[in-house]
Amino acid sequence: EENAVEKAKQAIAGGLPFGFPIMGMKREDSATKFSVNWWEQVWQEGATGWKFAEAKETLPFDKNLAAVAEILKEDPLKENGHAFVPLCGDSKVVPYLAMKGMKVTCVEGSELALKGLREVISKIPEEAQKRITIVEGNLFKAELPAESVDFIYDTGSLVAIDPSMREEYFNVIQKVSKPGAKCFLEVIYRASDITEGPPHHITLDMVKELYQGWSVGMEENAVEKAKQAIAGGLPFGFPIMGMKREDSATKFSVNWWEQVWQEGATGWKFAEAKETLP
């Protein structure tokens, strides 16, 4: 707004503790790399090489959960709990977790991927199908229940997005997860050209820095195994991490704001308390 900073300074000079500059914003109306439309094209072109592990006769999910249990030294799944699978594609882990007795919420933007997901889900008992909620569209715009999730299954999601969006991605995970929630995270290790992607290279230290308020561990000898995979001809390896959110409300979480309201620390409301509403 024109002269916004000057108006704020005048408000402060008049006795207020701060001013309120107003901004107007508009998002560009074009599909960029890593947008929902961009990923739809990836699916249409069949460039879904990340799915090769699930194509094997023996699905990796039991092994993955065992690895997380070993890292965390406790069972990653909560009986009758709520699982979250971001950027799920047509992954068979969605029906797998439902068959384990969990309520499952999954998010996907590609219509082609969703078609495949529904086909996979249709093959399990109806009782398990009812435990699955599919959220269609952009993960960062999706309406998701806050602090409702006990377990997050992330195989390739964090490394699929543009690195500049990782903090926004973490905010989604933080929003949906309960204190004490656990997470399976499979990342990408590259020996060279670490800026190439997707999938993008990420290290244990980078994950620890991003996931503030979470305890983070990596599968034993994970980097060495990744290097061996690369030496064997693969373009990258797949280190597995196990994570657990601290069992307390962190600053700016839903519970933290609830405490702010309970304590009446809502000074921002004073403008509406005037007889003439703004």
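Residues numbered from 1 in each chain as written. Predicted model: local features only at pLDDT ≥ 70, side-chain atom pairs only at ≥ 80, totals over all residues. Heavy atoms only, no water.

J.: Would you mind showing me how to read the overall build of the chain here?
T.: Summing up its helical and strand segments, the chain has 10 helices and 7 strands in all. Taking as baseline every contact in the chain between residues at least 6 positions apart, the subset at least 24 positions apart corresponds to 71%. Accessible surface computed for the chain: about 16500 Å², of which carbon and sulfur atoms make up 51%. (Helix = DSSP H or I, 4+ residues; strand = E, 2+ residues; numbered from the N terminus. Contact = heavy atoms within 4.5 Å. Areas by Shrake-Rupley, 256 points an atom, 1.4 Å probe, with all protein chains shown as cover.)

J.: Looking at this model, I keep getting lost on the nonpolar core. Mind explaining?
T.: Across soluble globular proteins, nonpolar side chains have a tendency to be buried as a group. Ranked by internal contacts, the top residues of the largest apolar core, which has 30 residues, are Phe-84, Tyr-211 and Trp-214. For this core, the secondary-structure elements that each account for two or more residues are strand E4 (149-155), helix H7 (166-176), strand E5 (177-186), helix H8 (204-210), strand E6 (214-218) and strand E7 (240-245). In terms of residue count, H7 provides more of this core than any other element does, 5 residues in total. Counting residues in each nonpolar core, the second largest holds 27 residues, with Leu-72, Ala-128, Ile-132 and Ile-240 among its members. (Core = buried A, V, L, I, M, F, W, Y, C linked by side-chain atoms within 4.5 Å. Buried < 20%, exposed > 50% of the residue type's maximum accessible area, 1.4 Å probe, protein only.)

J.: Looking at this model, I keep getting lost on the sheet that holds E7. Mind explaining?
T.: Within a sheet, neighbouring strands are paired by backbone hydrogen bonds and run either parallel or antiparallel to one another. Spatially, 7 strands are ordered E3-E2-E1-E4-E5-E7-E6 in an open sheet, and the strand pairing comes out mixed. Strand pairing shows two members of the sheet lacking a second neighbour, strand E3 (132-136) and E6, which therefore form its edges. Going across the sheet, the axis of each strand differs from the next one's by a mean of 15°, ignoring polarity. Across 5 bridges, E5 lies against E7 in antiparallel orientation. Along E7, the bridge assignment pairs Lys-182 with Lys-244. (Pairing = 2+ DSSP bridges. Axes fitted to C-alpha atoms, helices over the stretch in contact; angles between N-to-C directions.)

J.: Could you clarify how one ought to interpret the side chain of Ser-110 in this entry?
T.: Tracing the sequence through the fold places Ser-110 in the loop between strand E2 (103-108) and helix H5 (111-121). There is a polar contact of 2.7 Å between the side chain of Ser-110 and the side chain of Glu-40. (Polar contact = N/O pair within 3.5 Å; in protein donor to acceptor, adjacent residues only side chain to side chain.)

J.: Can you help me understand H7 in this one?
T.: Residue pairs spaced three or four apart in an α-helix point in one direction, given the helix's 3.6 residues per turn. All of the buried residues along H7 are Arg-166, Tyr-169, Phe-170, Val-172, Ile-173, Gln-174 and Val-176. Those residues of H7 hidden inside the fold are in contact with strand E1 (82-85), E4, E5, H8, E6 and E7.

J.: Hey, could you run me through the packing of helix H2 (residues 36-44) against H5 in this one?
T.: Two elements in contact, H2 and H5, have axes whose closest approach is 7 Å; the angle formed by their N-to-C orientations is 60°. Here H5 runs oblique to H2, going by the angle between their axes. Of the residues in H5, those touching H2 at Glu-40, Trp-43 and Gln-44 are Glu-111, Leu-112 and Ala-113. Here the contact of H2 with H5 is composed, by residue class, of 3 nonpolar, 1 polar and 2 charged. (Parallel < 35°, antiparallel > 145°, perpendicular 65-115°, else oblique. Nonpolar A, V, L, I, M, F, W, Y, C, P; charged D, E, K, R; others polar.)

J.: For this particular structure, what's the right way to read the pairing of E5?
T.: Two faces make up the sheet, and in a regular strand the side chains alternate between them. Along E5, 7 of the 10 residues are buried, which leaves the element largely enclosed by surrounding structure. In the sheet, E4 pairs with E5 via 6 bridges, with the strands oriented parallel. What sits directly across from Val-149, in E5, is Ser-177. Handedness of the crossover is the feature at issue here: the chain leaves E4, passes through H7, returns alongside E5, and the resulting connection is right-handed. (Right-handed = clockwise from strand over helix to strand, strands pointing away.)

J.: Help me understand H5, please; the structure alone is not making it clear to me.
T.: Three or more residues of H5 are buried, namely Ala-113, Leu-114, Gly-116, Leu-117, Val-120 and Ile-121. Buried residues of H5, seen end-on, are gathered within an arc of 160° and therefore sit on one face of the element. More than 90 degrees from the buried face of H5, the exposed residues found are Glu-111 and Lys-115. Looking at the buried side of H5, the elements it contacts are H2, helix H4 (93-99), E2, helix H6 (126-129) and E3. Capping the start of H5 is the job of one residue whose side-chain oxygen sits 3.4 Å from the backbone nitrogen of Leu-112: Ser-110. (Arc of directions from axis to C-beta.)

J.: Looking at this structure, how should I read unusual backbone geometry?
T.: The phi angle of most residues is negative, glycine excepted, and most peptide bonds adopt the trans form. Of note, the phi angle at Leu-87 is positive, near 50°, even though the residue is not glycine. Turning to its location among the elements, Leu-87 is positioned in the loop between E1 and H4. Not every positive phi belongs to a glycine, and Asn-221 is a case in point at roughly 60°. Take Asn-221: it is sitting in the loop between E6 and helix H9 (222-231).

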